[in-house]
Amino acid sequence: MDRIDKLLCATGRWSRREIKDLVRQGRVLADGRAVRRPEEKVDPSAVSLVVDGERVDCSPCVYVMLHKPAGLLSATEDRSQPTVVELLPEDLRRRGLFPVGRLDKDTTGLLLLTDDGDLAHRLLSPRKHVDKVYLARVEGRVDRSDVEALRAGLVLGDGTVCLPAGLEPVGDGSSCLVTLREGKYHQVKRMLAARGKPVAALHRLRMGPLTLDEGLKPGEWRFLTDRERAELAGLGDTI
Ligand code: URA
């Protein structure tokens, strides 16, 4: 059991003092009833906390799905270039959310941001076999020989050995779906370039159980749903 003021404070959205005022003004509901004292204790895994009509996620960690636009770095800060965390509101940035893995500056699509280091580790470990699915537009057209070469596991020009990967031509083959279980530097671009089909545009659609929400426009984000979090939890220890 945890104090309500502690749980709300941990979201980074309000100070203890602000929470005291919110409670006094009857703006905080726990399981549908107005909270009387900020120090009241609740079960954080079961309670539904609502502030000003908005459900507040009081789990200790935060999980955000972002539709990364082109032109931003997958980093928390950079001296000269804008980063994806700049798309998040100040209260979330203060929590220290970071992107789980990197997409190149010009790559768009699904990016997960969290402050859960354990989950990030589990998602990125090649041993966990978490598939990442990319939609690539290429110069030229991918064909059966490319599909087979990726399935067998490519060795790149510099000797980098890639795990077997999935390749599925889309339409006339000028686009394709690439499925990876690892995340080497510029991996999709380097693999397809090695096949003589340089990538013209790259977009991530899936990462393990998470699929990019079609309702999110580039630059938009939302919290993961309870279901998505439960599915991520299925990858290993509970989150
Ligand atoms: N592979 C790449 O080449 N770039 C990305 O951003 C992601 C995977």
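Bear in mind the structure is a predicted one, so any value in this text is a computation, not a measurement. Starting afresh in each chain, residues are numbered from 1 along the sequence in its written order. Selection of residues for local features in this predicted model requires a pLDDT of at least 70, selection of side-chain atom pairs for listing and counting requires 80 or more, and totals for whole chains, interfaces and linings are taken over all residues. Hydrogens are left out, water is left out, and the side-chain values use all remaining heavy atoms of the structure.

Things to note about the sheet that holds strand β2 (residues 28-30)
Pairing between sheet strands relies on hydrogen bonds along the backbone, with the strands arranged either parallel or antiparallel. To keep it simple, the criterion reads: For two strands to pair, DSSP has to find at least two bridges joining them. Numbering goes from the N terminus for both helices and strands, where a helix is a DSSP run of H or I of at least four residues and a strand is a run of E of at least two.
If you walk across this open sheet you meet the four strands as β3-β2-β5-β6, and the pairing is antiparallel. On the outer flanks of this sheet lie β3 (33-34) and β6 (54-56), each paired with one strand and no other. By the bridge criterion, three bridges tie β2 to strand β5 (residues 49-51) in an arrangement that is antiparallel. By the bridge assignment for β5, Ala30 is matched with Leu49.

Quick notes on the packing of aromatic side chains
As a reminder of what qualifies: Two rings from Phe, Tyr or Trp (for Trp, the six-membered ring) form a pair when their centres are within 6.5 Å of each other. A pair whose planes differ by under 30 degrees is stacked, one over 60 is edge-to-face, and the rest are tilted. A simple rule labels every residue: compare its accessible area, found with a 1.4 Å probe on the protein chains alone, to the largest value its type can have, and call it buried under 20%, exposed over 50%, or partly exposed in between.
Following the criterion strictly, the structure yields one aromatic pair and no others. Aromatic side chains Trp221 and Phe223 sit 5.2 Å apart centroid to centroid with 85° between the ring planes, which places their arrangement in the edge-to-face category. The partly exposed category is assigned to Trp221, whose relative accessible area is 25%. Its relative accessible area of 34% is what places Phe223 among the partly exposed residues.

Topic: the site of the ligand
Here is the rule we go by: For this description, a residue counts as near a given molecule or strand if any of its non-hydrogen atoms is within 4 Å of it. Polar contacts here mean pairs of N or O atoms no more than 3.5 Å apart (in protein, one a potential hydrogen donor and the other a potential acceptor; neighbouring residues in sequence count only if both atoms are side-chain atoms). Each residue gets one label: Ala, Val, Leu, Ile, Met, Phe, Trp, Tyr, Cys and Pro are nonpolar, Asp, Glu, Lys and Arg are charged, and the others, such as Gly, are polar. Domain extents, as shown, originate in an automatic or database domain assignment.
The local shell around the ligand consists of Leu103, Asp104, Thr107, Tyr134, His186, Gln187, Val188, Lys189 and Leu202. Residue Thr107 places a side-chain N or O atom 2.9 Å away from an oxygen atom belonging to the ligand. Here an oxygen atom of the ligand sits 3.1 Å away from a polar atom, N or O, in the main chain of Lys189. Sort the elements by how many residues they give to the shell around the ligand and helix α6 (residues 187-194) lands first, with three residues. Partitioning the shell around the ligand into residue classes produces four nonpolar, three polar and two charged. Among the domains, domain 2 (63-126 + 211-224) and domain 3 (131-207) are the pair contributing at least three residues each to the shell around the ligand.

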